[in-house]
Amino acid sequence: MNLIDIAALSQSSGVPTSTLRYYEELGLIQSCARHGLRRQYDEQTLTQLALISLGKAAGFSLEQIKGMFGQDGAPNLSRPVLRDRADAIDDQVRRLKALRDTLRHVAECPAPSHMQCPKFLQLLRVIQPKAGDAKPKRSQRQRQGK
């Protein structure tokens, strides 16, 4: 088993050593040895860090990400939770595209006032969040408290 020093892991992953220590404190990763005072990690930690980064980019909290790893540190990803997050990202993409279109229209609209422009008013309705949109949908697993 090849061990990676914390400094080398930081350099390879792009994650600062302070963040690595924080992730270890939270139980997201685990050092398996020490060389002097320096923590040592196995090569699987690089994969775990990539998954943590992916999870953060997808909008998962560190606590949610922690639940996506088994006791041995191997990924244990819930497909329903991932589908729900993908659906939420689709909704976000739709809203961002509408926002982009609105901004472009406002920048180029010849109307004397944007509030007199029918297209602008239509775009406003598309980007306005609807009741219940503020919170992402919870998966059935989350609703059942598992």
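Residues numbered from 1 in each chain as written. Predicted model: local features only at pLDDT ≥ 70, side-chain atom pairs only at ≥ 80, totals over all residues. Heavy atoms only, no water.

1. Points about helix α5 (residues 79-108)
An α-helical turn contains 3.6 residues, so a residue and the one three or four places further along point in the same direction.
So, step 1. The end-to-end C-alpha distance of α5, which contains 30 residues, comes to 43 Å, matching closely the 44 Å that a straight helix rising 1.5 Å per residue would cover.
So, step 2. By the burial criterion, the buried members of α5 are Val81, Arg85, Ala88, Ala98, Thr102 and His105.
So, step 3. The secondary structure elements touched by the buried residues of α5 are α4 (62-66) and α6 (118-127). (Helix = DSSP H or I, 4+ residues; strand = E, 2+ residues; numbered from the N terminus. Expected span 1.5 Å × (residues − 1). Buried < 20%, exposed > 50% of the residue type's maximum accessible area, 1.4 Å probe, protein only. Contact = heavy atoms within 4.5 Å.)

2. Regarding a nonpolar patch on the surface
So, step 1. On the surface, Leu96, Leu99 and Leu103 cluster together into a nonpolar patch covering about 280 Å² of accessible area.
So, step 2. Residue position: Leu96 is located in helix α5.
So, step 3. Residue classification places Leu96 among the partly exposed residues on the basis of a relative accessible area of 48%. (Patch = residues over 30% accessible without salt bridge, like charges linked within 9 Å, V, L, I, M, F, W, Y side chains within 5 Å. Areas by Shrake-Rupley, 256 points an atom, 1.4 Å probe, with all protein chains shown as cover. Salt bridge = Lys/Arg side-chain N within 4 Å of Asp/Glu carboxyl O.)

3. Some remarks on the pairing of strand β3 (residues 38-42)
So, step 1. Of all five residues that make up β3, four are buried, and the element is covered over most of its length.
So, step 2. Two elements, strand β1 (residues 3-5) and β3, share three bridges in a ladder whose sense is antiparallel. Considered in β3, the bridge of Ile4 is made with Tyr41. (Pairing = 2+ DSSP bridges.)

4. Side note on the side chain of Thr45
So, step 1. By secondary structure assignment, the location of Thr45 is in helix α3 (residues 44-57).
So, step 2. What Thr45 contacts, discounting residues up to four positions off in sequence, is Leu9, Ile29 and Gln30.

5. Re the packing of helix α1 (residues 6-13) against α3
So, step 1. Viewed as axis vectors pointing N to C, α1 and α3 meet at an angle of 45°, and their least axial separation amounts to 11 Å. Taken together, the axis directions place α1 and α3 in an arrangement best described as oblique. Between α1 and α3 lies a crossing whose hand is right-handed. Between α1 and α3, the residues in contact are Leu9, Ser12 and Ser13 and Thr45, Leu46 and Leu49, respectively.
So, step 2. Its residues assigned to classes, the contact of α1 with α3 shows three nonpolar, three polar and no charged. (Axes fitted to C-alpha atoms, helices over the stretch in contact; angles between N-to-C directions. Parallel < 35°, antiparallel > 145°, perpendicular 65-115°, else oblique. Left-handed = near helix turned anticlockwise from the far one by under 90°. Nonpolar A, V, L, I, M, F, W, Y, C, P; charged D, E, K, R; others polar.)

6. Focus: helix α2 (residues 17-26)
So, step 1. Buried residues of α2: Leu20, Tyr23 and Glu24, and no others. All buried residues of α2 fall inside an arc of 100° around its axis, so they share one side.
So, step 2. Of the surrounding elements, those touching the buried residues of α2 are α1, β3, α3 and α4. (Arc of directions from axis to C-beta.)

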